[in-house]
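As a plain string of letters, each chain reads:
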Amino acid sequence: MRTIIYIFGLLLLTGCSSQYPNKDITGQIFPAVVGSTLEKTSLSIPSDLTDDLTLLLIGYVQNSQFDIDRWLIALDVTETNVKVYEVPTIQGLFPEMFSTVIDNGMRAGIPKPLWQGVVTIYDDGEKIQAFTGNENAANTRVVLLNSEGEILYFYDQGFAVDALNKLRSALIANK
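Calculation notes
- Residues numbered from 1 in each chain as written.
- Predicted model: local features only at pLDDT ≥ 70, side-chain atom pairs only at ≥ 80, totals over all residues.
- Heavy atoms only, no water.
- Helix = DSSP H or I, 4+ residues; strand = E, 2+ residues; numbered from the N terminus.
- Buried < 20%, exposed > 50% of the residue type's maximum accessible area, 1.4 Å probe, protein only.
- Contact = heavy atoms within 4.5 Å.
- Pairing = 2+ DSSP bridges.
- Core = buried A, V, L, I, M, F, W, Y, C linked by side-chain atoms within 4.5 Å.
- Salt bridge = Lys/Arg side-chain N within 4 Å of Asp/Glu carboxyl O.

Enquirer: Which residues make up the overall build of the chain, and what values go with them?
Expert: When its secondary structure is counted, the chain shows 6 helices and 7 strands. Across the 175 residues in the chain, those meeting the buried criterion constitute 45%. Within the chain, residue pairs in contact and separated by at least 24 positions form 75% of the contacts whose partners lie at least 6 positions apart.

Enquirer: Outline the sheet that holds strand β1 (residues 33–37), listing residues and values.
Expert: The strand order β2-β1-β5 describes an open sheet built from 3 strands, whose pairing is antiparallel. Edge strands, defined here as strands with exactly one partner in the open sheet, are β2 (42–45) and β5 (119–120). One ladder, built from 2 bridges, connects β1 with β5; its direction is antiparallel. Paired with Thr 37 across the bridge in β5 is Val 119.

Enquirer: Explain the nonpolar core to me, and be specific about the residues and the numbers.
Expert: Counting 19 residues, the largest nonpolar core has Phe 30, Ile 45, Leu 56, Ile 58, Val 143, Leu 145 and Ile 151 as its most contacted members. Counting 18 residues, the second largest nonpolar core, distinct from the first, contains Leu 55, Leu 57, Ile 68 and Leu 75.

Enquirer: Can you tell me about the pattern of salt bridges, naming the residues and giving the values?
Expert: The full count for this structure, using the stated rule, is 2 salt bridges. As a salt-bridge pair, Asp 162 and Lys 166 come within 3.2 Å of each other at their nearest N and O atoms. Of this pair, Asp 162 and Lys 166 are both found in helix α6 (residues 161–173), 4 residues apart, which corresponds to roughly one turn of the helix. For Asp 162, a relative accessible area of 47% gives the class partly exposed.

Structure (structure tokens):
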């Protein structure tokens, strides 16, 4: 009986996830998706993003947090001035069923003043993953959007100083 429960649980965890090849989405319009901040405020991306430029750091698995943190530290150290949202993007039925538990776990690990900058996507998780690709899922998808939702810069190879410099150049060129 324990084996059957284990197999069923494993199927729930893995059976709802699809693999999509990575692709360069620079120049495209980001798809309309809806998420919720850790403050429990609904946010529509890209339509609710009112700044001229907005940076999304999209993570598909818990291990993405390491890469996201490197990006956040580098942006801070280089005094890069751009509105940033961390966007945990989770596809499948299992995560949606436990979204409250997942969000509460994130709230426990993230200081409350930062909650408005963390937007979790559940219902549209597969839409985003299909759009960007989800190979090497631990790598952050770094997406720079203008106010119309056009992607001005995209990178999905894990943190690199060269990528940070190219992002900073894209910010300067589009101000």
